[in-house]
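Summary of structural features
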Amino acid sequence: MKPYLKCKYAEYREISPKAAVVKCYDGSEDILPLSQIRFAALEDAILVPCWLAEKKDLQFAQKKIWLEG
């Protein structure tokens, strides 16, 4: 199991077959690889691995979510 952090986004846009731009409600924005993004069911949110979240300038929830794979 791997830890993820949730990021609620104001805007999500795929810019290539391998990357997406995510913009948060606080105005922060960054590019993420599609291979690392998991979508949170029934929410305008994505889950990003903790190791990647530490390197990105986005607004994340503090609570870790553990997922398989």
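As a reminder, the structure under discussion sits directly above these lines.
Everything numeric here is computed off the predicted structure, so don't read it as measured data.

On to the side chain of Asp30. One can find Asp30 in strand β3 (residues 29-33). A distance of 3.0 Å separates a polar side-chain atom of Asp30 from the backbone nitrogen of Asp57.

With that out of the way, let us pick up the nonpolar core. With 15 residues, the main nonpolar core has Cys7, Val22, Leu32, Ile46, Val48, Leu58 and Phe60 as its most contacted residues. For this core, the secondary structure elements donating two or more residues are β1 (2-16), β2 (19-24), β5 (45-49) and α1 (50-53). Apart from the residues lying within four places of it in its own chain, the contact partners of Val48 are Tyr4, Leu5, Leu32, Gln36, Ala53 and Phe60.

Tracing the chain through its elements places Ser28 in the loop between β2 and β3. Owing to a relative accessible area of 9%, Ser28 belongs among the buried residues under this scheme. Reaching out from Ser28, the side chain makes a polar contact with the side chain of Asp26 at a distance of 2.6 Å. Reaching out from Ser28, the side chain makes a polar contact with the backbone nitrogen of Gln59 at a distance of 3.4 Å. Beyond its immediate stretch of four places on either side in the chain, Ser28 contacts Val22, Lys23, Asp57, Leu58 and Gln59.

Glancing now at the pairing of β5. Burial runs high along β5: five of the five residues are buried. Residues Ala45, Leu47 and Pro49 point to one face of β5 and Ile46 and Val48 to the other, with burial holding for every one of them. Both β1 and β5 contribute to a ladder of five bridges, which runs antiparallel. Residue Cys7 lies in a different strand from β5, and its bridge partner there is Ile46. Judged from the two bridges that link them, strand β4 (residues 38-39) and β5 form a sheet pairing that is antiparallel. Its bridge partner being in β5, Arg38 is matched across the sheet by Leu47. Once β4 ends, the chain turns through five residues before running back antiparallel as β5, passing Leu42 with a positive phi of about 60°.

Calculation rules
- Every chain's residues receive numbers from 1 upward, in the order its sequence appears when written.
- Local features are withheld for residues below a pLDDT of 70 in this predicted model, meaning they are given only at 70 or higher, and side-chain atom pairs are given and counted only at 80 or more; totals for whole chains, interfaces and linings count all residues.
- As a rule here, side-chain values cover all heavy atoms of the structure and leave hydrogens and water aside.
- In this text, helices come from DSSP runs of H or I with a minimum length of four residues, and strands from runs of E with a minimum of two, each type numbered from the N-terminal end.
- We define a polar contact as two N or O atoms separated by no more than 3.5 Å, with the added condition that, inside protein, one atom must be a possible hydrogen donor and the other a possible acceptor, whereas residues neighbouring each other in sequence contribute only through side-chain atom pairs.
- Residue types Ala, Val, Leu, Ile, Met, Phe, Trp, Tyr and Cys, when buried and joined through side-chain atoms within 4.5 Å, form a set referred to as a nonpolar core.
- Burial status follows relative accessibility: with a 1.4 Å probe on protein chains alone, a residue under 20% of its type maximum counts as buried, one over 50% as exposed, and anything between as partly exposed.
- By the convention used here, residues are in contact when the closest approach between their heavy atoms is within 4.5 Å.
- By the convention used here, strands pair only if DSSP detects at least 2 bridges between them.

Purely spatial values, then, with no claim about function.
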